[in-house]
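Next come the chains, spelled out residue by residue.
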Amino acid sequence: MYDITTFGEILIDFTSQDINEDGQMLYARNPGGAPANVAVAASRLGAHTAFIGKAGKDMHGKFLKSVLEKENVDTKGMLLDENYFTTLAFVEVSETGERTFSFARKPGADTKIQKEEVDVDVLDHTHIFHVGSLSLTDQPARDTTFYAVKRAKNKGSVISYDPNYRASLWPDEKTAKKHMRSLVPYVDLMKISDEETELLTDHKDVREAAEALYSQGVKVVAVTLGGEGAYLYGKDGGCMVPGFAVKQIADTNGAGDSFWGGFLYKISTSEKQLDELTQEDLKEFARFGNAVASLCVEKKGAIPAMPELAQVERRIAK
């Protein structure tokens, strides 16, 4: 039985590093992709995790698979396709740590995973099944996402969703709204950023957005607020959970994924059902997630920056 299985994109983040002596931008090759980031974040904390998805049978795909294996993420469900190239994301990081993305994904291997290729031995034996929204941008990955979510839900898994909006991967905002919202009725746990509230709910205010998602059947909603922390909403209503002080931001790549990996880890270790979680439980889980994220942003990259349990516990203790 897996604690957490994630599904979707795995890719290379070529992250801007510095300018060389000739004035050219230097990029570092970092393993990434939100679902893969979440799997590694939870694995480093001690969860038994698996990843289901597809990359190209190329140098990048082989590298990504080796990274997951090194991080103790089960890769039985990860395929390498010789017909399509691994998706690449070029990430420019500003002096404040904010990111701008440019994708090489026309198409990327991750968009070509088919229903028949999903490893049901993994899918059918997971406590939490987590997906993002990048797998909804193209077919056949969109239909495969719904197939996997419905099957996992029918098998008793808790469904987790992080609609990770990347404007350049959608033809227009209207299409993005339609498809990103289409998954909400199947979801038990959902994380959105404060920048995505209006896109997913038509409400800019984080409290109104969280309440709107809860009213659609999502049992626990988390809205991340960057360095300010997170707003949580569950059966007892909403609450703010402040973030942790950060020494210095190296970059924010993977911050939301690290928070959610930490939060899902706490959910997976809890002996309570989702509808039994109190506001105090959610505060504790979000505080833990905030600690994970605060450590992540102090290092460059996403997967390489994910902290281990002892580091998180030390930060919370301080």
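About the cut-offs
- Residues numbered from 1 in each chain as written.
- Predicted model: local features only at pLDDT ≥ 70, side-chain atom pairs only at ≥ 80, totals over all residues.
- Heavy atoms only, no water.
- UniProt positions renumbered as here; feature names shortened; annotations may be inferred.
- Axes fitted to C-alpha atoms, helices over the stretch in contact; angles between N-to-C directions.
- Helix = DSSP H or I, 4+ residues; strand = E, 2+ residues; numbered from the N terminus.
- Parallel < 35°, antiparallel > 145°, perpendicular 65-115°, else oblique.
- Contact = heavy atoms within 4.5 Å.
- Nonpolar A, V, L, I, M, F, W, Y, C, P; charged D, E, K, R; others polar.
- Salt bridge = Lys/Arg side-chain N within 4 Å of Asp/Glu carboxyl O.
- Buried < 20%, exposed > 50% of the residue type's maximum accessible area, 1.4 Å probe, protein only.
- Phe/Tyr/Trp six-rings, centres within 6.5 Å; stacked < 30°, edge-to-face > 60°.
- Lys NZ or Arg CZ within 6 Å of the ring centre and 35° of its normal.
- Pairing = 2+ DSSP bridges.
- Patch = residues over 30% accessible without salt bridge, like charges linked within 9 Å, V, L, I, M, F, W, Y side chains within 5 Å.
- Areas by Shrake-Rupley, 256 points an atom, 1.4 Å probe, with all protein chains shown as cover.
- Left-handed = near helix turned anticlockwise from the far one by under 90°.

An unreviewed UniProt entry annotates the protein as Carbohydrate kinase originating from Blautia fusiformis. As its UniProt record puts it under Sequence similarities (unreviewed entry), the protein is described as follows: "Belongs to the carbohydrate kinase PfkB family."

Asks: Can you help me understand the packing of helix α9 (residues 279-296) against helix α10 (residues 309-317) in this one?
Replies: How two helices sit against one another is set out by the angle between their axes and by the gap between those axes. Look at α9 against α10: their axes get within 9 Å of each other, and the N-to-C directions meet at 110°. When the axis of α9 is compared with that of α10, the two are roughly perpendicular. Note on element contacts: α10 touches α9 through L309, Q311, V312, R315 and I316, opposite R287, F288, A291, V292, S294 and L295. Among the residues making up the contact of α9 with α10, the classes are represented as 7 nonpolar, 2 polar and 2 charged.

Asks: Got a minute to help me understand the pattern of salt bridges in this structure?
Replies: Two side chains of opposite charge can pair, provided their charged atoms sit close to one another. Per the counting criterion, the structure on display carries 17 salt bridges. Linking D162 and K191 is a salt bridge whose minimum nitrogen-to-oxygen distance equals 3.6 Å. Of this pair, D162 sits in strand β9 (residues 158-162) while K191 is found in strand β10 (residues 189-193), placing the two residues 29 residues apart along the sequence. A salt bridge links R181 to D202; the shortest N-O distance between them is 2.9 Å. Placement of R181 in helix α5 (residues 173-181) and of D202 in the loop between α6 (197-201) and α7 (206-215) is noted, with a sequence separation of 21 residues between them. For R181, a relative accessible area of 25% puts it in the partly exposed group. Several salt bridges converge on common partners, so that one network encompasses K54, D81 and E117.

Asks: Mind showing me how you'd approach the packing of aromatic side chains here?
Replies: Per the stated rule, a full pass over the model turns up 11 aromatic pairs. With a centroid separation of 6.3 Å and 45° between ring planes, the pair formed by F7 and F129 is classed as tilted. One end of the pair, F7, is in strand β1 (residues 2-8); the other, F129, is in strand β8 (residues 126-132), with 122 residues separating them in the sequence. You can call F7 buried: its relative accessible area is 0%. Where F263 meets F285, the ring centres are 6.0 Å apart and the plane angle is 80°; that geometry is what we call edge-to-face. Remark: F285 occurs in helix α9 and F263 occurs in helix α8 (residues 255-269); sequence separation between them is 22 residues. Overall, F263 belongs to the buried group, its relative accessible area being 0%. It is R166 that lies over the ring of F101; its NZ or CZ is 4.1 Å from the centre.

Asks: Sorry if this is basic, but what is going on with the environment of G32 here?
Replies: For G32, the position within the fold is in strand β3 (residues 25-32). Among the residues examined, G32 registers a relative accessible area of 0% and is labelled buried. Between the alpha carbons of G32 and N253 there is a distance of 9.0 Å; along the sequence they are 221 residues apart.

Asks: For this particular structure, what's the right way to read the sheet that holds strand β4 (residues 49-56)?
Replies: In sheet architecture, strand pairing relies on hydrogen bonds along the backbone and comes in two forms, parallel and antiparallel. Read across the sheet, 9 strands follow the order β5-β4-β1-β8-β9-β10-β11-β12-β13 without closing on themselves; strand pairing throughout is mixed. A strand with exactly one partner marks an edge of an open sheet, and here the two such strands are β5 (73-81) and β13 (237-242). On average, adjacent strands in this sheet sit at an angle of 20° to one another, irrespective of strand direction. Across 7 bridges, the pairing between β4 and β5 is parallel. Looking across to β5, one finds that T49 is bridged to V73. Along the sheet, helix α4 (residues 141-154) contacts β1, β8 and β9; its crossing angle with β8, the most-contacted strand, is approximately 155°. Running over the sheet, α7 touches β10, β11 (220-224), β12 (229-234) and β13 and is turned about 35° from β12.

Asks: Please explain a nonpolar patch on the surface as it appears in this structure.
Replies: Together, I19, M25, Y27 and F90 give the surface a local cluster of nonpolar side chains, amounting to about 330 Å² of exposed area. Secondary-structure assignment places Y27 in strand β3. A relative accessible area of 33% places Y27 in the partly exposed class.

Asks: Help me understand the pairing of β1 in this model?
Replies: The side chains of a regular strand alternate between both faces of the sheet. Of all 7 residues in β1, 6 are buried; the element is thus mostly enclosed. Two elements, β1 and β8, share 5 bridges in a ladder whose sense is parallel. Its bridge partner lying in β8, Y2 is registered against T126. In this structure, β1 lies alongside β4, joined through 5 bridges in parallel fashion. Paired with T5 across the two strands is A50, which belongs to β4.

Asks: What am I meant to see in the packing of α8 against α9 here?
Replies: Interhelical geometry of α8 versus α9 gives an angle of 140° and a closest axis separation of 7 Å. Of the two possible hands of crossing, α8 and α9 adopt the one that is right-handed. Mapping the contact onto sequence places A255, S258, F259, G262, F263, Y265, K266 and I267 in α8 and L282, E284, F285, A286, F288, G289, N290, V292, A293 and C296 in α9. Within the contact of α8 with α9, the residues separate by chemical class into 12 nonpolar, 4 polar and 2 charged.

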